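Letter by letter, the chains look like this.
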Amino acid sequence: EGTAAVGEELDYTITGIEPGAGIMSATNKALEEYDSLKGWTLQESSSAAMAAALGKAIDKEEPIIVTGWTPHWMFAKYDLKYLEDPKGVYGEAENIETFVRQGLKDDEPSAYTVLDQFHWTPDDMGAVMVNIQDGADPAEAAAKWVEENSDKVDEWTKGAEEVDGNEVNLAYVAWDSEIASTNVVAKVLESIGYKVKLTQLDAGPMFAAIAEGDADAMVAGWLPLTHADYLDQYGDKMERLGPNLEGAKTGLVVPSYVEADSIEDLQP
Ligand SMILES: C[SH](C)CC(=O)O
């Protein structure tokens, strides 16, 4: 059907994720900036609910528009495309960055060393995510990847002294990408003797927890665009260790059978 029908069939609704996610504020900006999205609404839900809605629509070959990102297992599982974003609301390539609480370097130098050296590729992250999506427990999928990639893990732990049960608290948001990365970092810290606690939070509370020292580290900072507001708000109270993954991306994603190719092809 024509792109006009897409909006009608979707009741002019974009399927989103958790309200605090940066991609949600980017999409609210898109709703304002694109005439083709006049009158459209963004449905708040969760990453898991968005993925379930995507799968259901694809099973019935129905149209759907979701707030999507790369790396994500959905691109391995389904034939999807990003809608072009001529106004650049979603920015260009994003990095996922590591942040630690101030003082961690003195308190836990070994954990700091690992977190500072942690760096992997979208394919590495994708392998863990797909394993989890295929039913593996996140900690198991992480342990398997760590075992199979000791060369990379050795680079991350180089120079980090073993510890004896020291505790580290990693904050994260239940985005599929960060469930994978946080569990891998936890396994690597455990391999040098740390007792690791994982604390699941929404995006804002995750940044706040690091800034206030309630959590030690997170590997979930999407920048330069997606989490720019959180960086403005909390950046001076955290230590920014830089990218742990490059070549990430966010935007509006549709099954390839949806006729629209650009956000501007949609109709109000
Ligand atoms: C993994 S999502 C693109 C991150 C966010 O939108 O805050």
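None of these values were measured; they are calculated from a predicted model.

The helix and strand inventory of the protein stands at 12 helices and 9 strands. Relative to the globule expectation of 18 Å for 268 residues, the C-alpha radius of gyration of the protein, 19 Å, shows essentially globular dimensions. By principal-axis analysis of the C-alpha atoms, the protein measures approximately 60 × 35 × 25 Å. Once local pairs closer than 6 in sequence are excluded, the contacts in the protein between residues at least 24 apart make up 81%. A total accessible area of about 11500 Å² is found for the protein, and carbon and sulfur atoms account for 45% of it.

Next up on the list: the pattern of salt bridges. Tallying each qualifying case throughout the model produces 9 salt bridges. Put simply, arginine 240 and glutamate 97 hold a salt bridge, and the shortest N to O gap is 2.7 Å. On the criterion of sequence distance, the pair formed by arginine 240 in strand E9 (residues 238-255) and glutamate 97 in strand E5 (residues 94-101) is long-range, its members being 143 residues apart. Each of Arg101, Asp107 and Asp216 takes part in salt bridges that share partners, so that together they form one network.

With that settled, consider the domain arrangement of the protein. In terms of domain boundaries, the protein breaks down into domain 1 (3-92 + 250-265) and domain 2 (95-247). If you average the C-alpha positions of domain 1 and of domain 2, the two centres end up 28 Å apart. Each partner contributes residues to the interface: domain 1 has 18 residues there, and domain 2 has 18 residues. Where domain 1 abuts domain 2, roughly 1400 Å² becomes buried across the two surfaces, and 64% of that area is made up of carbon and sulfur atoms. At the boundary of domain 1 with domain 2, the tally comes to 0 salt bridges. Along the contact surface separating domain 1 from domain 2 lie 5 residue pairs in polar contact (both at pLDDT 80 or more). Here the residues of the side of domain 1 that touches domain 2 are counted per class, giving 9 nonpolar, 7 polar and 2 charged.

Our next topic: the packing of aromatic side chains. Within the structure shown, the criterion is met by 10 aromatic pairs. Ring centres of tryptophan 145 and tryptophan 156 lie 5.7 Å apart, and the angle between their planes is 15°; on these two criteria the pair is classed as stacked. With tryptophan 145 in helix H8 (residues 138-148) and tryptophan 156 in helix H9 (residues 150-157), this pair connects stretches of sequence that are 11 residues apart. What links up through ring pairs into an aromatic cluster is the set Phe118, Trp120, Trp145 and Trp156. The ring of tyrosine 34 carries lysine 87 above its face, with NZ or CZ at 5.7 Å from the centroid. Positioned above the aromatic ring of tyrosine 82 is the side chain of lysine 249, whose terminal nitrogen or guanidinium carbon lies 4.5 Å from the ring centre.

Definitions and cut-offs
Throughout, residues of each chain are indexed from 1 in the direction in which the sequence is written. Reporting of local features is limited, given that this is a predicted model, to residues whose pLDDT is at least 70; pairs of side-chain atoms are given and counted only at 80 or more, and all residues count toward the totals for whole chains, interfaces and linings. Side-chain measures were taken over the full set of non-hydrogen atoms in the model, leaving aside hydrogen atoms and water. Only runs of H or I of at least four residues qualify as helices and only runs of E of at least two qualify as strands under DSSP, and these elements are numbered from the N terminus. Each radius of gyration is computed over the set of C-alpha atoms, and the globule rule expresses the reference value as 2.2 Å times the number of residues to the power 0.38. We call two residues in contact when some of their heavy atoms are within 4.5 Å. Computed by Shrake-Rupley with a 1.4 Å probe, the accessible areas treat only the displayed protein chains as cover when residues are assessed. Whenever Lys or Arg places a side-chain nitrogen within 4 Å of a carboxyl oxygen from Asp or Glu, that contact is recorded as a salt bridge. The domain boundaries here were taken from an automatic or database domain assignment. Here the quantity called buried area is the accessible surface, traced with a 1.4 Å probe, that two parts lose on coming together, added over both. Here a polar contact means two N or O atoms within 3.5 Å. Within protein one must be a hydrogen donor candidate and the other an acceptor candidate, and residues neighboring in sequence count only if both atoms are side-chain atoms. By the convention adopted, Pro, Cys, Tyr, Trp, Phe, Met, Ile, Leu, Val and Ala count as nonpolar, Lys, Arg, Asp and Glu as charged, and the other residues, Gly among them, as polar. Ring pairs are drawn from Phe, Tyr and Trp, using the six-membered ring of Trp, whenever the two centres fall within 6.5 Å, and their geometry is named by plane angle: stacked under 30 degrees, edge-to-face over 60, tilted for the rest. Any Lys NZ or Arg CZ found within 6 Å of a ring centre and within 35 degrees of that ring's normal is scored as a charge over the ring.

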